[in-house]
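Analysis of the macromolecular model
Next come the chains, spelled out residue by residue.
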Amino acid sequence: MRALVWNGVNDLRVEQVDEPSILNAHDAIVKVSLTTSCGSDLHLLGGYVPAMRSGDVLGHEFVGEVVEVGSAVRQHAVGDRVVVNSFIACGRCWYCRQEQYSLCDNGNPNAGIAEGLWGQSPGGCFGYSHVVGGWAGSHAEYIRVPYADVGMFTVPEAVSDERALFASDAAPTGWMGADLGGVGPGSTVAVWGAGGVGQMAARASLLLGAERVVVIDRLPERLAQVRDVIGAETMDYTQVEVLPELRELTGGRGPDVCIEAVGMEAHRDRPDFGYDMVKQQLRLQTDRPTAVREAVTAARKGGSVFVLGVFGGVVDKFPLGALMNKGLTMRGAQMHGQRYTPMLLERMAAGELTTEHLATHVMPLDEAPRGYEMFKEKEDGCVRAVFRP
Amino acid sequence: MNKSTLALLGAGAGVAASAAAAAAAVARRHARKQPVADGWKSVTILATPDDVAPGGVVGTPFDRLAEVVETRLLPAPGDRGTELHARVLPGGRAEAVLREQLGADPDDALRRALRELKMRVETGEVLQQLPRPEGRRKHTVAGALVDGAERRAFGAGAL
């Protein structure tokens, strides 16, 4: 079959690879209908995530049709139209029982690598390096889905593939940031990053009852989507000073909840961006935490900061004093999608949550290398490049 | 070379010598420490003691290691299930048998066994990774490091 393969830093190619097969009784094989690029993939392209290997198949956010199931699969059958969560979770360990699916004890057979980096291992993830299992990704004609009854969900008839696609990762990730960040009725929320995840976090905040939600970015086409589709306010950091603007917007308090949806390759027009860039390129730090720093500084006293953007290692000049002295709660997580996706599909069916606007560029899988180039360089207003295998 | 340059070089050498001495002292202190928990390693399994050790015998793969590995079960606090603690029996023979049987470092073998048992009890099977769809694997130094890390991963880590 054809698949998009990582061949090295910024070197993607469509190659012929072997088709997957059922290896465990809880597996399913899915024929991929749509699979999308994600901002976190750019960290893989750029060589910022360790343990990528030439030959790895990328992609972790997808919809498709079940073509084969293992003997222990009970919830699905051949022919089901399904959306699959990016994180692989067993559904049986203590973390899964707490609905913290991305922390699954059993989904990552390469736990030893992750423990070396972080002390403990999260679950596995499709197409996202050997640190989280080395699982083949979804930018392919077929994909093997371990623990299919846990991470795979039948798409309601009323929901199109284009909408359901983002119930795989972007929508549950964004919802998790708002939910676990503590957004509720009356909250004021600031979201850094107007990509797919940031937009979904903003929409989730509104649906959870937030009174004001503002999304911060520099790209006009994405900020326009936030205003026109999501229904949140926007702030262009190239035009205004973010911290004083947020203070003014919140009556001098600062946002109750700050959600960071940018990750390790943040851009910014501030001196600390240059500092971070130099240190990252010299490999003196692994990530650029520019947006995280600002979120911590912006949050109101006693507020919360949720880190949704992907980070891999260590950062410098972290405002720990602000965290401590302002009494902040700071959290982060990979996505606990299995906790949210069924509810999100219902909201999608009801029209409360629309996502197809994120798929600005849909193209055949054969054009995926070009799609990623457009996505990376934000050409032609690309928010997400989506591929049809 | 003027006096101030010489002074700077002298100060730099002094700092380097101090750092080296401090590092050596830390290394000596670490070398004197006991092995971690006398070689015990553990996992917490969301299951009852009877599920972990039916009839009092810890299940596969520990049933194959009974002669060389010592185990004990403890209830995990907060309804988290059962803690399984295991270690290679002290003494050279057990380690030698493990190396012969499993071809692995005893610590790695123990980690593999603990992870495998946890998967078996909690999910009913051991999750398989290979074969998987993959493109051309170029032979590079970085690639060899990743391949090696993955081969060792199930038996490696902080466990």
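Residues numbered from 1 in each chain as written. Chains lettered and ligands numbered in written order. Predicted model: local features only at pLDDT ≥ 70, side-chain atom pairs only at ≥ 80, totals over all residues.

Summing up its helical and strand segments, chain A has 14 helices and 18 strands in all. For 389 residues, the compact-globule estimate of 2.2 N^0.38 gives 21 Å, and the C-alpha radius of gyration of chain A, at 20 Å, lies within 12% of that figure. In chain A, buried positions account for 58% of the 389 residues. In chain A, once contacts between residues fewer than 6 apart in sequence are set aside, the share between residues at least 24 apart is 72%. (Helix = DSSP H or I, 4+ residues; strand = E, 2+ residues; numbered from the N terminus. Rg over C-alpha atoms; globule rule 2.2 N^0.38 Å. Buried ≥ 20, exposed ≤ 12 C-beta atoms within 10 Å, placed from the backbone. Contact = placed C-beta atoms within 7 Å.)

A word on the interface of chain A and chain B. Listed by partner, the interface residues are 38 residues for chain A and 34 residues for chain B. Looking at the side of chain A that touches chain B, the elements that each hand over two or more residues are strand 1 (2-6), strand 4 (56-57), helix 2 (94-97) and helix 3 (111-118) of chain A. Considering every element that reaches the side of chain A that touches chain B, the biggest residue donor is helix 3 of chain A, with five residues. A class-by-class count of the residues in the side of chain A that touches chain B yields 17 nonpolar, twelve polar and nine charged. (Nonpolar A, V, L, I, M, F, W, Y, C, P; charged D, E, K, R; others polar.)

The next thing to look at is unusual backbone geometry. Backbone torsion omega between B:T60 and B:P61 reads 10°, so that peptide bond is classified as cis. Along the chain, B:P61 falls in the loop between helix 2 (49-52) and strand 2 (69-75). The amide bond that connects B:L130 to the next residue, B:P131, takes the cis arrangement and shows omega of 0°. If you trace the backbone, B:P131 turns up in the loop between helix 4 (106-123) and helix 5 (141-153). At A:K317, a position not held by glycine, the phi torsion is positive, near 55°. Along the chain, the position of A:K317 falls in the loop between strand 15 (304-307) and helix 12 (320-325). In this model, A:K378 sits at a positive phi of 60°, which is unusual for a non-glycine residue. Of note, A:K378 is situated in the loop between helix 14 (368-377) and strand 18 (385-388). On the basis of neighbour counts, which here come to 14 C-beta atoms within 10 Å, the residue A:K378 falls in the partly exposed class.

Now for the packing of helix 3 of chain A against helix 5 of chain B. Helix-helix packing is characterised by the crossing angle of the two axes and by the distance between the axes. Packing of helix 3 of chain A against helix 5 of chain B brings their axes to within 7 Å, and their N-to-C directions diverge by 105°. Our classification of the angle between helix 3 of chain A and helix 5 of chain B gives roughly perpendicular. Counted together, A:A111, A:G112 and A:I113 of helix 3 of chain A and B:A149, B:R152 and B:A153 of helix 5 of chain B form the full contact between these two elements. Within the contact of helix 3 of chain A with helix 5 of chain B, the residues separate by chemical class into four nonpolar, one polar and one charged. (Axes fitted to C-alpha atoms, helices over the stretch in contact; angles between N-to-C directions. Parallel < 35°, antiparallel > 145°, perpendicular 65-115°, else oblique.)

Turning our attention to the pairing of strand 13 (residues 233-236) of chain A. Residues and elements named next belong to chain A. In terms of strand pairing, strand 12 (residues 212-217) meets strand 13 through four bridges, oriented parallel. Note that in strand 13 the partner of I216 across the bridge is M235. Running through helix 8 (residues 220-230), the crossover from strand 12 to the neighbouring parallel element strand 13 is right-handed. (Pairing = 2+ DSSP bridges. Right-handed = clockwise from strand over helix to strand, strands pointing away.)

Right, let's get into the sheet that holds strand 2 (residues 12-16) of chain A. All names here are of chain A. Judged by pairing direction, the sheet is antiparallel, and its three strands sit side by side in the order 2-1-4 without closing on themselves. For this open sheet the edge positions go to strand 2 and strand 4, each flanked by a neighbour on one side alone. The sheet contact formed by strand 1 and strand 4 spans two bridges and is antiparallel. What sits directly across from W6, in strand 4, is D56.

As a further point, take the domain arrangement of chain A. Residue and element names in this part refer to chain A. On domain assignment, one finds that chain A holds domain 1 (2-169 + 335-388) and domain 2 (173-332). Computed over C-alpha atoms only, the centres of domain 1 and domain 2 are separated by 25 Å. On the side of domain 2, 19 residues touch domain 1, which itself brings 23 residues to the contact. Mapped onto the side of domain 1 that touches domain 2, the elements with two or more residues apiece are helix 1 (41-45) and helix 13 (337-349). Of the residues contributing to the side of domain 1 that touches domain 2, the split by class is eleven nonpolar, eight polar and four charged. (Domains from an automatic or database assignment.)

This part is about the environment of A:R203. Residue and element names in this part refer to chain A. Inspection of the secondary structure puts R203 in helix 7 (residues 196-207). In this structure, the C-alpha to C-alpha distance between R203 and L353, residues 150 residues apart in sequence, is 7.6 Å. Residue contacts for R203: discarding those within four places in its chain leaves G174, I230 and L353.

Here we come to the sheet that holds strand 15 of chain A. All names here are of chain A. Strand order in the open sheet formed by six strands is 13-12-11-14-15-16, and the pairing between neighbours is parallel. Since the sheet does not close on itself, it has two edges, and those belong to strand 13 and strand 16 (329-332), each with one partner. Across the sheet, the mean angle from the axis of one strand to that of its neighbour is 20°, orientation sign disregarded. Sheet analysis places strand 11 (residues 188-192) next to strand 14 (residues 257-260), joined by four bridges and oriented parallel. Note on strand 14: the bridge partner recorded for A190 is C258. Contacts from helix 7 reach strand 11, strand 12 and strand 14 within the one sheet, and its direction differs from that of strand 12 by about 170°.

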